Structure formats: C-alpha cells, structure tokens
Amino acid sequence: MQGTARPYQFPIDVAHEDIDFMGHVNNASYLKWVQEAVISHWRGLAPPEAVAQHLWVALKHEITYRRPAFLDDDVVATVLLEKVQGARAFYETVIKRGTEVLAEVKSSWCCVDAETLRPARVAQNVIERFFVKSDNQG
C-alpha cells in the first residue's frame, strides 16, 4: 500500500464553449477538465526535474455523470492518485459544485519518458510526494 492519497483541488472555470444545446455543460468538457486536473496535479506535486523527464498519456477514462453543471457554476475537481504500478497510474477525480457531486471519474494513465516516448517508471521518492504517510514516523 502506498499510503493515503494527498487530495489535490483543481478549480474549474465553466466557459461558454463548455455549454451544449441543452444549456448545460457538455459531457466532453468533463473529460477535458479531468485531463487538465490530473496533469496539474502531477505538475503541482512532482519535483521540476521529474516533470521535465516524464509525460502522461491517458489510457482509459470511466465517467459517471451525477448532475448537470451550468455556466458560471463554482466547480472544483478533487484529484486522488489511487496507486502507481510500474509505468501506470490510477486516479479518481470527483467533480463537485459545492457539496453536490457532478461527476466521478476513474482513469488510468501511462508515464512515458519525455525524450524516448517509451513507458517509464516514476522513482519511488517522487511517488511518495502524492501520498500522506500512514504512520507518524516521518
């Protein structure tokens, strides 16, 4: 086990181009938001040298839509890194308006070397930055 995930808050700006013909946020915008939130999470917690050496490629997204979002809603995505196995990372992202859950997303990503574009493992000391230690020894 890698400990408890360190939650990462990503504020979302609902723009006019996110609104569809029904007057609410188009489903495709949630996908865009999740991708932006996960990449921001990586850039926000990983050290600069790891960010420079690694890129992330989405492998799979599973989105459960709960409620519609509308223009000018105050929306926040909470990103949690569930686990890292080899070059793969598994995320859960919950998109909310206040306390209301708008969407829940499970996604998997592959880490690739920025130069070779081949799958690459992330160093354990980098992965540890994304989790809170389970014990109180450090």
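Residues numbered from 1 in each chain as written. Predicted model: local features only at pLDDT ≥ 70, side-chain atom pairs only at ≥ 80, totals over all residues. Heavy atoms only, no water.

## Re the nonpolar core
A general tendency of soluble globular proteins is for nonpolar side chains to be buried together. Judged by nonpolar contacts, the single largest core of 36 residues is most densely connected at Tyr 30, Trp 33, Trp 42, Trp 56, Ile 95 and Phe 130. Every element with two or more residues in this core is listed here: strand E2 (8–13), helix H1 (27–45), strand E4 (74–85), strand E5 (88–97), strand E6 (100–113) and helix H3 (124–127). The dominant element in this core, judged by the number of residues it contributes, is H1, at eight residues. Excluding anything up to four places from it in sequence, Trp 42 contacts Ala 50, Val 51, His 54, Trp 56, Val 122, Val 126 and Phe 130. (Core = buried A, V, L, I, M, F, W, Y, C linked by side-chain atoms within 4.5 Å. Buried < 20%, exposed > 50% of the residue type's maximum accessible area, 1.4 Å probe, protein only. Helix = DSSP H or I, 4+ residues; strand = E, 2+ residues; numbered from the N terminus. Contact = heavy atoms within 4.5 Å.)

## Looking at the pattern of salt bridges
Tallied over the entire structure, the rule returns six salt bridges. Across the pair Glu 104 and Arg 66 runs a salt bridge, and its minimum N-O distance is 2.6 Å. With Glu 104 in strand E6 and Arg 66 in the loop between strand E3 (54–65) and E4, this residue pair connects regions lying 38 residues apart in the sequence. Taking the relative accessible area as the measure of exposure, Glu 104 reaches 27% and is therefore partly exposed. Classification of Arg 66 by relative accessible area gives exposed; the value is 52%. (Salt bridge = Lys/Arg side-chain N within 4 Å of Asp/Glu carboxyl O.)

## Brief notes about empty space enclosed by the protein
All told, the structure shown has one cavity of 30 Å³ or more when counted by the stated rule. Reported here for the largest cavity is a volume of approximately 50 Å³. Taken together, Trp 42, Trp 56, Leu 81, Val 84, Tyr 91, Val 122, Ile 127 and Phe 130 make up the full set of residues lining the largest cavity. The residue makeup of the lining of the largest cavity, split by class, is eight nonpolar, no polar and no charged. (1 Å grid on protein atoms, 1.4 Å probe; cavity = no way out; pocket = protein on both sides within 12 Å on 5 of 7 lines; lining within 4 Å. Points joined across faces, edges and corners; volume = space filled by probe spheres on them. Nonpolar A, V, L, I, M, F, W, Y, C, P; charged D, E, K, R; others polar.)

## Regarding the pairing of E4
When E2 meets E4, the two strands line up antiparallel, connected through six bridges. Residue Tyr 8 lies in a different strand from E4, and its bridge partner there is Val 79. Here E4 runs beside E5; their pairing, made up of ten bridges, is antiparallel. Bridging across to E5, Lys 83 finds its partner in Phe 90. Connecting the antiparallel pair E4 and E5 is a turn made up of two residues, with Gly 86 showing a positive phi of about 60°. (Pairing = 2+ DSSP bridges.)

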